[in-house]
There are 2 protein chains.
Amino acid sequence: MVGEPGRNRRIPEAIVVRLPVYQRILAELLRGGTATVSSEELATRARVNAAKVRKDFSLLGWFGTRGTGYDTAYLATQIDRALGAARDWPVAIVGIGNLGRALAGSEGFSSHGFRVAWLFDADPSVVGHVVGSTRVAHVDELPAMLGAAHPAIGVIATPAVAAQQVADLLVAAGVPSILNFAPRLLTVPGEVLLRSVDLSIELQVMSFHLQQADGDLRRPAHWP
Amino acid sequence: MVGEPGRNRRIPEAIVVRLPVYQRILAELLRGGTATVSSEELATRARVNAAKVRKDFSLLGWFGTRGTGYDTAYLATQIDRALGAARDWPVAIVGIGNLGRALAGSEGFSSHGFRVAWLFDADPSVVGHVVGSTRVAHVDELPAMLGAAHPAIGVIATPAVAAQQVADLLVAAGVPSILNFAPRLLTVPGEVLLRSVDLSIELQVMSFHLQQADGDLRRPAHWP
DNA sequence: TCCTGTGAATCGCTTCACAGCT
DNA sequence: AGCTGTGAAGCGATTCACAGGA
């Protein structure tokens, strides 16, 4: 563990969520050859307040130079380290439908240290296929295959009805964190990290706002 | 527009995001034949504080019965109405790779009033295919096809590099809201609703926490 | 008694504003 | 002069705690 100042504080979730955004901007700046960047510049690009940017970095113990700004490369390295991008995170994906395939092939996985090491599905017609460079195994083999190995992250991309069952399997196999894409509230033991992404929630929030706007503002002439 | 009390207040985003969660729980309770539900019961299932549940509903002008709880069916109806689930929301999806297909086929779309009415892709080998019951058109046809019709929501499921360009097309075609899945910060005019879902951010937040836990707690014996 | 509805207290994040370093 | 680092104020959401209706 490194000894930067601020390293032992608890870091607010709100900041953690912004780190990947900063990281993406810094990567872009680095490609453009920018050596230093001001909080103002970063803030504009990330669409946040400049004070927030400074407070974020300060809380994490990363410092800039007064009068100049932050060292782009240094900042990028620090964020990579904080996010664990330098490490190798083996991932198991369960549910190799369209979503599972999309995840397996996504840049978001291949970069940032995530390595798709296992694929599972319950459908015999999918088992045996090779997606990317990984063979799809039957979900019944999951306990045996993951029992000895230790994936860092289990991804659930199954239909809602199978999600809890799969979560239980992953937990039993000792997987320490689960990313769930099935539209279902899951129950896992407290020591297991669980995050959920729910498409339908995003859509519904959107239609809520559309509905609001529609009531307040004019209604388009034709709405097929 | 209906005349419930509290209807003309501005509703905090934090509440809107919880509505789909409540809705899912209520649907489940209804299937089980539960006629009334207490804030405590809902709170436990949604993993939030009971006072929050009561405050949410009270702010939206929906009331329960003291000593008894809330009417399950009534609550479900109100949430559906608030979220616009009773209406028809035509959706256009751009980018018919694995992610686009997953979205087109997802339950999250088909239920809740979302109707996938247009599919677009830039790859000639994909154009002409039928996904679900909709034919994939070339993205060059987008302006013509969406210019007269009015999709409520445009979904971007393209690679990052094409995302801004597609967003511009959708905006020009008069699409009032965009749901973006490409890992890119998009710029759209202020009157266009924009929400983004970024897979890689979810993953990175997860590896941040794993890294933290790994520093604090014991390290598993083998981490392949 | 049970459970809602809500004012008041609290919490945590955001923003302001400015002292201080380069 | 320019830009960071940060105390203090501000603000929105959460939680407490209890009055009051069924």
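Residues numbered from 1 in each chain as written. Chains lettered and ligands numbered in written order. Predicted model: local features only at pLDDT ≥ 70, side-chain atom pairs only at ≥ 80, totals over all residues. Heavy atoms only, no water.

Visitor: For the packing of aromatic side chains, give the residues involved together with the corresponding values.
Guide: Residue and element names in this part refer to chain A. What the rule picks out here adds up to 8 aromatic pairs over all chains. A ring pair is formed by F109 and F114, whose centres lie 6.5 Å apart and whose planes are at 65°; its orientation type is edge-to-face. Both residues of the pair, F109 and F114, count as buried. Grouping aromatic residues by their ring pairs yields a cluster made of Y22, F57, W62 and Y70. (Phe/Tyr/Trp six-rings, centres within 6.5 Å; stacked < 30°, edge-to-face > 60°. Buried < 20%, exposed > 50% of the residue type's maximum accessible area, 1.4 Å probe, protein only.)

Visitor: Can you break down the sheet that holds strand 9 (residues 193-196) of chain A residue by residue, with the values?
Guide: Residue and element names in this part refer to chain A. In space, the 7 strands of this open sheet follow the order 5-6-4-3-7-8-9, with mixed pairing throughout. Where the open sheet ends on each side, the last strands, each with one partner, are strand 5 (130-131) and strand 9. When strand 3 (residues 89-94) meets strand 4 (residues 114-121), the two strands line up parallel, connected through 6 bridges. Bridge pairing in strand 4 links I93 to L119. (Pairing = 2+ DSSP bridges. Helix = DSSP H or I, 4+ residues; strand = E, 2+ residues; numbered from the N terminus.)

Visitor: An account of the nonpolar core is requested, with residue identities and associated values reported.
Guide: Within the largest apolar cluster, 44 residues are counted, with the highest numbers of intra-cluster contacts made by I153 of chain A together with I153 of chain B. Among the secondary structure elements, those contributing two or more residues to this core are strand 3, strand 4, strand 7 (153-156) and helix 9 (199-216) of chain A together with strand 3 (89-94), strand 4 (114-121), strand 7 (153-156) and helix 9 (199-216) of chain B. Setting aside residues up to four positions removed in sequence, I153 of chain B forms contacts with L203, M206 and L210 of chain A together with P90, V91, A92, F114, V175, S177 and L179 of chain B. (Core = buried A, V, L, I, M, F, W, Y, C linked by side-chain atoms within 4.5 Å. Contact = heavy atoms within 4.5 Å.)

Visitor: An account of the domain arrangement of chain A is requested, with residue identities and associated values reported.
Guide: Looking at the assigned domains, one finds that chain A contains domain 1 (13-83) and domain 2 (89-201). Taking the mean C-alpha position of each, domain 1 of chain A and domain 2 of chain A sit 32 Å from one another. (Domains from an automatic or database assignment.)

Visitor: Talk me through the environment of L30 of chain B; I want residue IDs and the actual numbers.
Guide: Residues and elements named next belong to chain B. Locating L30 in the fold gives a position in helix 1 (residues 13-31). Residue class for L30 comes out partly exposed when judged on its relative accessible area of 36%. Taking C-alpha positions, L30 is 40 Å from D121, a pair spaced 91 residues apart along the chain. Every residue in contact with L30, bar those within four places of it in the chain, is listed here: T72, A73 and A76.

Visitor: For the protein's contact with DNA strand D, give the residues involved together with the corresponding values.
Guide: Looking at DNA strand D, there are 23 residues lining it, with S39, S58, F63, G64 and Y70 of chain A nearest. Sugar and phosphate atoms constitute 60% of the interface atoms of DNA strand D, taking the interface as everything within 4 Å of the protein. R54 of chain A has a polar side-chain atom sitting 2.9 Å from a base nitrogen of DNA strand D. Breaking the surface near DNA strand D down by element, the ones donating at least two residues are helix 3 (50-59) of chain A together with helix 3 (50-59) of chain B. If one sorts the elements of the surface near DNA strand D by residue count, helix 3 of chain B sits on top with 4 residues. Partitioned by chemical class, the residues of the surface near DNA strand D number 4 nonpolar, 11 polar and 8 charged. (Near = heavy atom within 4 Å. Polar contact = N/O pair within 3.5 Å; in protein donor to acceptor, adjacent residues only side chain to side chain. Nonpolar A, V, L, I, M, F, W, Y, C, P; charged D, E, K, R; others polar.)

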